[in-house]
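# Chain and residue survey
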Amino acid sequence: MMLPDDAGGRPALEACGLTLSWDGGMHVVAEGIDLDVHGGEVVCLVGRSGCGKTTILHALAGLTRPVRGRVLLHGEDVTGQPGRVSYMLQKDLLLPNLRVLDNASLPLVLGGMPRAEARQRADGLFARFGLEGTQELWPSQLSGGMRQRAAFLRTYLMGNEVALLDEPFSALDAITRQELRTWYVGMSRELGIASLVITHDVDEAVSLASRVLVLAGSPAEGKPSAIVGEVRIERPGVDDFSITHAYVDIKREVMGLLGAEVAR
Ligand SMILES: Nc1ncnc2c1ncn2[C@@H]1O[C@H](COP(=O)(O)OP(=O)(O)OP(=O)(O)O)[C@@H](O)[C@H]1O
Ligand SMILES: [Mg+2]
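Small disclaimer: the values here were computed from a predicted structure and weren't measured.

### What to know about the domain arrangement of the chain
Once the domains are mapped, the chain shows domain 1 (1-85 + 179-264) and domain 2 (92-159). Contact residues are listed per partner, giving nine residues for domain 1 and seven residues for domain 2. In total, about 810 Å² of surface goes out of reach between domain 1 and domain 2, with carbon and sulfur atoms giving 69% of it. On inspection of domain 1 and its partner domain 2, the count reaches one salt bridge. For Arg128, the salt bridge identified is with Glu190, shortest N-O distance 2.7 Å. Residue composition of the side of domain 1 that touches domain 2, grouped by class: seven nonpolar, one polar and one charged.

### Looking at the state of the cysteines
All chains considered together, the criterion is met by zero disulfides. Free of any disulfide, Cys51 has its nearest cysteine sulfur in Cys44, 13 Å distant. Exposure remark for Cys51: the relative accessible area of 2% places this residue in the buried category.

### A closer look at the side chain of Arg181
Along the chain, Arg181 falls in helix H5 (residues 174-191). On the accessibility criterion, Arg181 (6% relative accessible area) is buried. Non-local contacts of Arg181, meaning those with residues more than four positions away in its chain, are made with Phe169, Asp201, Asp203, Glu204, Ser207 and Leu208.

### Some thoughts on the site of ligand 1
The environment of ligand 1 is made up of Trp22, Val29, Arg48, Ser49, Gly50, Cys51, Gly52, Lys53, Thr54, Thr55 and His200. A distance of 3.2 Å separates an oxygen atom of ligand 1 from a polar backbone atom of Cys51. Between ligand 1 and the protein, one listed contact pairs an oxygen atom with a side-chain N or O atom of Thr55 at 2.5 Å. For ligand 1, whose free accessible area comes to 640 Å², the fraction covered by protein is 61%. The biggest single contributor to the shell around ligand 1 is helix H1 (residues 53-60), with three residues. Across the shell around ligand 1, the residue classes tally to three nonpolar, six polar and two charged.

How each quantity is defined
- Residues numbered from 1 in each chain as written.
- Chains lettered and ligands numbered in written order.
- Predicted model: local features only at pLDDT ≥ 70, side-chain atom pairs only at ≥ 80, totals over all residues.
- Heavy atoms only, no water.
- Domains from an automatic or database assignment.
- Contact = heavy atoms within 4.5 Å.
- Buried area = accessible area lost by both parts, 1.4 Å probe.
- Salt bridge = Lys/Arg side-chain N within 4 Å of Asp/Glu carboxyl O.
- Nonpolar A, V, L, I, M, F, W, Y, C, P; charged D, E, K, R; others polar.
- Disulfide = S-S within 2.5 Å.
- Buried < 20%, exposed > 50% of the residue type's maximum accessible area, 1.4 Å probe, protein only.
- Helix = DSSP H or I, 4+ residues; strand = E, 2+ residues; numbered from the N terminus.
- Near = heavy atom within 4 Å.
- Polar contact = N/O pair within 3.5 Å; in protein donor to acceptor, adjacent residues only side chain to side chain.
- Areas by Shrake-Rupley, 256 points an atom, 1.4 Å probe, with all protein chains shown as cover.

Given below as structure tokens:
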């Protein structure tokens, strides 16, 4: 397991000069994408709807091949190789006909581990993921926040140090979302997970990340997206960071990079 103080060393995940297209290069969605994420760090990639965030996530997950560029895991070239990073799609997608414990342990079973052993391994993490006592429930018996925690646990049990998350908090109410963001940052730091969260929600990015990467462009109009800026966030260590002047300044900077006006 990687420890957070690895943050000064080699990144867990690197993208180098990615150019992405869904038709082999005729229509380019994004180009020149460079990014890195260290163990224990949460980085957000923020951009408007349709600018190419999910396309980038699919390439980083090895589900598609870039037209150009490479994806590295601890320096190893894994471009186009699925199964090397964990990822979670926009909806939590727990299977309704499996108990919570079986949902969580599914990646282990799919990886060939006997079911009893997989259940035991997953069970040992339920308390850490705030799910103690829910093992034998059905997903429909959980609150939205708990379902999302179970989905995070299942993603974690995909077994990789890098997690790519596509709009992971969007289905939750505002209070649960804020609680879960705080929990996620602490949990990923403790477990040494390198997380890249993609979102179109600037507040989400600023509340979660230690760095926000801003993606801008209009691929649908023939203007490929690119990362137009990076904003680093020093957290002041207060719970209500989101109502501080520092927060508003950072949000304004991100909105400026996105080319939008800050709502006043
Ligand atoms: N197979 C495809 N055929 C045609 N267009 C595609 C295809 N895949 C992606 N696109 C286009 O590529 C662009 C980027 O799509 P993508 O899903 O990556 O955006 P996104 O930033 O994730 O958007 P959202 O925030 O709405 O999820 C969009 O203009 C989309 O229409
Ligand atoms: Mg998307």
